[in-house]
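Examination of the molecular architecture
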Amino acid sequence: MKAILLLLASAYYAVITSAFTPTSFTNNNKHTTSRFSASSSSTSLAAMPICIVVEAEIKEDRMDEFLTMIEANAVGSRKEPGCIRFDVLQAEDQANKFFFYEVYEDAAAIDFHKTQPHYAAWGTFKESGGTISSVSKKASGKFMT
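In this text, all values refer to a predicted model and were calculated from it rather than measured experimentally.

A word on the overall build of the protein. When helices and strands are tallied, the protein shows 4 helices and 6 strands. Listed N to C, the secondary structure of the protein is α-β-β-β-α-β-β-α-α-β in terms of helices and strands. Relative to its 145 residues, the protein shows a buried fraction of 38%. The contacts of the protein with a sequence gap of at least 6 include a subset with a gap of at least 24, amounting to 68%. Here the protein displays about 8500 Å² of accessible surface, and carbon together with sulfur accounts for 56% of that area.

Written out as structure tokens, the structure is:
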């Protein structure tokens, strides 16, 4: 829970320091993309990115395997068209608890992500009993930088 609060506080700080102006960014694919923020003329939900936050508790005897797999998943995901961000965070108070913060341009980008081998590796890891728990939440981007 503390890690989620830190993530939210960090996101809040980024929002309030951005002055709510349209921004341009370069994702890991080196494509320059415009994003809309609060003062932009187009702030419809259709123009806003889709975020996924995953909270996963990993079996302690599977940590090395998990870390190798999730690094490959993150690196592969960041190369996908439509993937704006893919972060893997580790809880400070529980070494086997992780949070994935994923941001995609739209639903089509998420659909594409789910067809990739690095995504399948996460599913295989979970199916093999590598996790104690895994919960995913989807959210629409609102005020993002």
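Attention shifts here to helix H4 (residues 117–127). Residues of H4 that are buried: His 118, Trp 122 and Phe 125. Axial view of H4: buried residues confined to an arc of 65°, hence all on one face. Looking at H4, the residues exposed on the side facing more than 90 degrees away from the buried face are Pro 117 and Glu 127. Packed against the buried residues of H4 are strand S3 (50–58), helix H2 (63–78), strand S5 (97–104), helix H3 (107–113) and strand S6 (131–140). Following H4 by one or two positions, Gly 129 adopts a phi angle in the positive range, close to 90°.

Take the pattern of salt bridges next. Considering all chains together, one arrives at 3 salt bridges under this definition. Ionic pairing is found between Arg 85 and Asp 87, a salt bridge with its closest N-O pair at 2.4 Å. Residue class for Arg 85 comes out partly exposed when judged on its relative accessible area of 42%.

Attention now moves to the sheet that holds strand S4 (residues 83–90). Spatially, S4-S5-S3-S6 is the arrangement adopted by the 4 strands of the open sheet, whose pairing is antiparallel. Looking at strand neighbours, the two that pair on one side only are S4 and S6, the edges of this open sheet. Between one strand and the next, the sheet's axes are offset by a mean angle of 10°, whatever the strand orientation. The pairing of S3 with S5 spans 8 bridges and is antiparallel. Looking at S5, one finds that Glu 57 is bridged to Lys 97. This element, H2, spans S3, S4 and S5 of the sheet and lies at about 160° to S4. Packed onto the sheet, H4 meets S3, S5 and S6 and runs at close to 140° relative to S6.

Now for the pairing of S3. Look at any regular strand and the pattern is simple: side chains alternate between the two faces of the sheet. For S3, a buried count of 7 out of 9 residues is recorded, marking the element as mostly surrounded by other parts of the structure. Strand direction decides the pairing type here: S3 and S6, joined by 9 bridges, are antiparallel. Following the sheet pairing, Cys 51 is matched in S6 by Ala 139.

Enumeration according to the criterion identifies 7 aromatic pairs in this entry. When the centroid spacing of 5.7 Å and the interplanar angle of 45° are considered together, the rings of Phe 66 and Phe 125 count as tilted. Taken together, the residues Phe 66 in helix H2 and Phe 125 in helix H4 connect sequence positions 59 residues apart. Here Phe 66 falls in the buried class, since its relative accessible area comes to 0%.

Another point: the environment of Ala 107. Its place among the elements puts Ala 107 in helix H3. Each C-alpha atom of the pair Ala 107 and Gly 82 lies 9.2 Å from the other, and the pair is 25 residues apart in sequence.

A word on the confidence of the model for the protein. Within the protein, residue pLDDT values average 79, and 68% of them lie at 70 or more. Per-residue pLDDT stays below 50 along residues 5–45; that stretch engages in 52 contacts with residues further than four places along the chain or on separate chains.

Rules used in this analysis
- Residues numbered from 1 in each chain as written.
- Predicted model: local features only at pLDDT ≥ 70, side-chain atom pairs only at ≥ 80, totals over all residues.
- Heavy atoms only, no water.
- Helix = DSSP H or I, 4+ residues; strand = E, 2+ residues; numbered from the N terminus.
- Buried < 20%, exposed > 50% of the residue type's maximum accessible area, 1.4 Å probe, protein only.
- Contact = heavy atoms within 4.5 Å.
- Areas by Shrake-Rupley, 256 points an atom, 1.4 Å probe, with all protein chains shown as cover.
- Arc of directions from axis to C-beta.
- Salt bridge = Lys/Arg side-chain N within 4 Å of Asp/Glu carboxyl O.
- Pairing = 2+ DSSP bridges.
- Axes fitted to C-alpha atoms, helices over the stretch in contact; angles between N-to-C directions.
- Phe/Tyr/Trp six-rings, centres within 6.5 Å; stacked < 30°, edge-to-face > 60°.
- pLDDT = per-residue confidence, 0-100.

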